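In case you want the letters, here they are:
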Amino acid sequence: MTFTPRLAGEHARPSPSRIELWKEELGLDDADDYLSQNSDEDVDEGISKVSGDNCLSIEFQALQKELTARNAQRDELLFSVKMLSDKNRQYRSRLEQEESTKKHQLKILQKTHRSHLEEKKELIENLEALIEELEEKVAWCEGKGKTVTDGSSEKVTDRTKKLVEQICSLQSEKATLTAQLMTLQANLDAHKGRKDKEVKELKVTNEKVLKEKGELEEKIFKMQATKGSGDTDTEKQLHKLEQENDCLQRDLMDSQQKLSAVQCLNSSSENDSERLMRKLQEENERLKAHIATLETTIHKSASDFNERETKWKGEIHQLTCDLQRASQETRELTVQLMALQAKSPEVVTRIERVQVESDSSKDALEKCSSSLSQSQKETRTLRSQLTSLEAKYREVELRLAETTQQASQLELVSSEQKQVSSELEQVSSERDCVSNELEQVSKDRQEVSRRLQQLETETAARDSQLTTSQSLVQELQLQVEQHQADMTSLTAHVTTERDLLLEGHRQEVLRLQQEASERNCRLSETVSALKATIIVISPEMEQLRREYLTLKTYCRQLPTIIRCAVEQTTKRIVAALSEISQLNQELVHKYRKEMQLRKRYLNELIELKGNIRVFCRIRPKIAEDMNGPNAETVVLCDQSDDAIVHVSNKGRLNTFELDRVFQPEATQKEVFSEVHSLVLSCLDGYNVCIFAYGQTGSGKTYTMEGTARDPGINQRALQELFLQIEERSADWSYTISVSVLEIYNETIRDLLSAQESVLEVKMSPEGGLHVPGLASFIVHNVDDVNEVFSVGQENRATEATNMNEHSSRSHALMCVSVVGTNKTTGAKSLGKLNLVDLAGSERVSKSGADGARLKEAQSINKSLSSIGDVIHALRSKQPHVPYRNSKLTYLLQDSLGGDSKTLMIVQVAPVEKNVSETLTSLNFAKRVRTVELGAASKKTETSEEHGHGSRLLTPNRPTSRSTTPSRLYKRK
Ligand SMILES: Nc1ncnc2c1ncn2[C@@H]1O[C@H](COP(=O)(O)OP(=O)(O)OP(=O)(O)O)[C@@H](O)[C@H]1O
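All figures in this text were calculated on a predicted structure; none of them were measured in a lab.

For this particular structure, what's the right way to read the overall build of the protein chain?
Counting its secondary structure elements, the protein chain contains 19 helices and 17 strands. By residue count, 27% of the 972 residues in the protein chain fall in the buried class. Look at the contacts in the protein chain between residues 6 or more apart in sequence, and 79% of them connect residues 24 or more apart.

Here it is as structure tokens:
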């Protein structure tokens, strides 16, 4: 069995998991590294390579599969067992954890409970001590308050009454004095104004006098200077001036006297006022002393009041501090209680105890609050006393107002006594001081009352806080109880559920363990059996593995080996190819030489044998080929051999070997060059026949006749003949006569004759074939030839068919007779050149012929088939060749079977739609090529023979009707 990678890939490819399991179970330690190093593909390849023994591999694969399945089952069971055991372990560990945490919590609670109890005890003791202190203080305050309220308040009221009375009397006196002082002051002011006015007037007059005096003195000085001129006049003027001076001095003395009198009046009034002032001052001093005594008494009473107030304030402050402390402690206790309630339900009982304790402290607080209320009552009584004092004070104020009214009256009376008013003012200032002091006292009283109010509000707030804390404690107790109940129910529920789950899990685990153990037993049995088989297989496996390893190493080396081999072989191939190419070139060279030789020999052989030579010309694609389907080219030339043609038909290539194959691109000139020597052989006295054969539209007429611009073999042949005649003109003179006929519907028609006469092929008495009555025209040059051709072409029967627009409906023959005469020897040669354009073979159905056309086609096909018959007879060397079956074969009897050089040009169309006709034509050509006619011979005669009259030349001689082309005319 050979290894095929494709099969190995399809059937023997194990999955990777299988390989891993296989490795594990087999314990192939050596292979592990190896397999891990290599890819899965390599393993597959290795396994497939070593699977020489089919049975073993199949058994191994089956065992592997079973093993993997069992392994999977075992793995599943193990996994489930593992899961369950894990769950069991988790539950157990959780239970243990819970138990340990509970124990720990209990220990902590016990500890905290103990510490809390101790703290509570201490607190209770402190609270008891505080309460005792507070009770003592309250008692002391009560005692003090009673004594203070009994004595001091009565004293204060009596003193204040006396003070008020004194103040009232003083104020009345002050008012009378101020009135007197005001009147005196007004009189004094008026007097002072008058005196000041008079002094001012006197001062003005004094200044005027002094001014006049200065002016007079100046005049005296001037007069003394001018003494000589008039003593009498100056003496008179001096005397006048002295008189005026005396008057003025008298006025001055009067004014001075008046001023002194005024000053005396002033001094008397001043003495009166001084006396009054003195009286007032004395009164004032007396009042001042009285006020000072009053002030001292007020000051004393105020200081006593202040001292008591400060004491009370300190006590109240102490009490409020104690209260605050107690409330703070209660708050702390409630917080601790809450914490304890949150910690454990067991604490609740202790909280209750603590609450009891806090209740006791609350009682103490209540006591404190009762003492406070008592003190508040006392303060209220004090406040009522203060209000009565205030009322009295208001009465004193009213009285004071009355005294001030009286004082104002006094002031009005004694307006002039300013000194008294000043004293009164002092008294009033003192009175203001006293009133200020009173105001201060009232302010202090207000401050005390405000503080008392504050204390009241604080105590009320504390009471409310106490009540709210109590309610909170109660709520918390309720919540703690609720939580305790919930906790107990939850723990009971959890424990029952946990027990149930544990029991279920235990049972399940036991069941699974049992199942697993059973399965394990079964699996171990199967595994042991498998292992036994594996042990049996293992040496073979080892062998296979070794082989695999060797193969693997070889495979690894293979790329390098292959690369080296490839390189070497490529080098060899390159060298060989170069050698071959050289050889080929040589061979090609030789081949060409050989081919040339072969052709030459073949030609000679053909000539010797007289074989009909066959050329093939492939028509290029024309517009008609493109119409419709099957327009692909199926006829191809062989590029290496110009005698081979390939025809592709229904996917099969048919190859034909002929004498020459012309490609579609071949020109008229190229074609003629190949027939050139053959044509010229007629000058040497040979009979030459060239005829074109092929289906309609395949290019027969194009090859033979050509177009005016690109003429065919016919015209070129005659041109070449004339050229050759020209060349040989020195030795030879030639006469070329041409006759053109057609065989149409088995009748021979002369295409150069004006009359349509029925012609027949006849055997001449000399033994040759001729057509009696056929016009023959001697042509002297190419123009004559062109005219003959044009007339012959025009007279030929053509029609349009489906296959060809200008289809030739007849076989056309141009018979050229070449008679040459050697100018020196007089020897004659008679050559004949028959150029035949056969009508096209066609399938009647394909050409769409009917009526006359059908008849044409039938006669054409008949004459062509008669050629086939003749060829067949000639090939098979039958004694009878049916030349006379048709006019065509009869007329071409010399060319096909006689002493003639014959060339058939087979025309083929290149496209697929004509492939069947192409194959028919080429098969016919193949047959024709094999026909041996025998070696051709020249038709020559010496001058002597000519003189005796040789019959060889008879059939080819121009008839009596021979004429020049100028007399040719076309048929109507
Ligand atoms: N080698 C060629 N090069 C160019 N055109 C060609 C060639 N051969 C043939 N033809 C064209 O093909 C058409 C048919 O050619 P032609 O008439 O010679 O065919 P045919 O075999 O004589 O047909 P039929 O038997 O019906 O007379 C013409 O139009 C001709 O010009």
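Here the narrative resumes, following the displayed structure.
Help me understand unusual backbone geometry, please; the structure alone is not making it clear to me.
Among all residues save glycine, negative phi is the norm, and among peptide bonds the norm is trans. Look at Lys650: it is not a glycine, yet its phi comes out positive at around 55°. Along the polypeptide, Lys650 turns up in the loop between β3 (644–649) and β4 (652–657). Positive phi is not limited to glycine here, since Lys877 has a value of about 50°. On the basis of neighbour count, Lys877 is assigned to the exposed category, with 9 C-beta atoms found within 10 Å.

Even after reading the chapter, I still don't get the UniProt feature "binding site: ATP" (unreviewed entry) in the protein chain, so can you show me in this structure?
The sites that carry the UniProt feature "binding site: ATP" (unreviewed entry) are, in the present numbering, Gly694, Gln695, Thr696, Gly697, Ser698, Gly699, Lys700 and Thr701. Looking at the secondary structure, you find Gln695 in the loop between β6 (687–694) and α11 (700–704). The exposure class of Gln695 is buried, given the 26 C-beta atoms found within 10 Å. Looking at the secondary structure, you find Thr701 in helix α11. Thr701 gets classed as buried once you count the C-beta atoms within 10 Å, which come to 26. Among residues more than four places away in sequence, those in contact with Thr701 are Ser808 and Asp837.

I would appreciate a short explanation of helix α18 (residues 915–929) in the present structure.
Each α-helix turn comprises 3.6 residues. Residues three or four places apart therefore point the same way. Given a rise of 1.5 Å per residue, 15 residues ought to cover 21 Å, and the 21 Å separating the end C-alpha atoms of α18 matches this to within 8%. Restricting attention to buried positions, one finds in α18 the residues Val915, Glu917, Thr918, Ser921, Leu922, Phe924, Ala925, Val928 and Arg929.

For this particular structure, what's the right way to read the nonpolar core?
The nonpolar side chains of soluble globular proteins are, as a tendency, buried together. Core analysis: the largest hydrophobic core is formed by 91 residues, its most contacted members being Cys616, Ile690, Val738, Val788, Met904, Val906 and Ala925. Ala175, Leu177, Ala179 and Met182 belong to the second-largest nonpolar core, a separate cluster that totals six residues.

Please clarify how the confidence of the model for the protein chain should be interpreted in this entry.
When pLDDT is averaged across the protein chain, the result is 75; 71% of the residues are at 70 or more. Here residues 1–16 is a poorly scored stretch, pLDDT under 50, and it has 15 contacts once near neighbours within four places are set aside; other chains count. Below pLDDT 50 for its whole length, residues 945–972 participates in 54 contacts with residues either more than four positions away or in separate chains. ipTM for the predicted complex: 0.98, alongside a pTM of 0.44.

In this structure, what is going on with the pairing of β3? I would like to understand it.
Sheet faces and side chains relate simply in a regular strand, where the side chains alternate between the two faces. Note: strand β2 (residues 635–637) against β3, three bridges, orientation antiparallel. Following the sheet pairing, Cys637 is matched in β3 by Val645. As paired elements, β3 and β4 share six bridges and run antiparallel to each other. When the sheet's bridge partners are listed, Val647 is paired in β4 with Asn654. Once β3 ends, the chain turns through two residues before running back antiparallel as β4, passing Lys650 with a positive phi of about 55°.

The rules behind the values
- Residues numbered from 1 in each chain as written.
- Predicted model: local features only at pLDDT ≥ 70, side-chain atom pairs only at ≥ 80, totals over all residues.
- Helix = DSSP H or I, 4+ residues; strand = E, 2+ residues; numbered from the N terminus.
- Buried ≥ 20, exposed ≤ 12 C-beta atoms within 10 Å, placed from the backbone.
- Contact = placed C-beta atoms within 7 Å.
- UniProt positions renumbered as here; feature names shortened; annotations may be inferred.
- Expected span 1.5 Å × (residues − 1).
- Core = buried A, V, L, I, M, F, W, Y, C linked by C-beta atoms within 7 Å.
- pLDDT = per-residue confidence, 0-100.
- Pairing = 2+ DSSP bridges.

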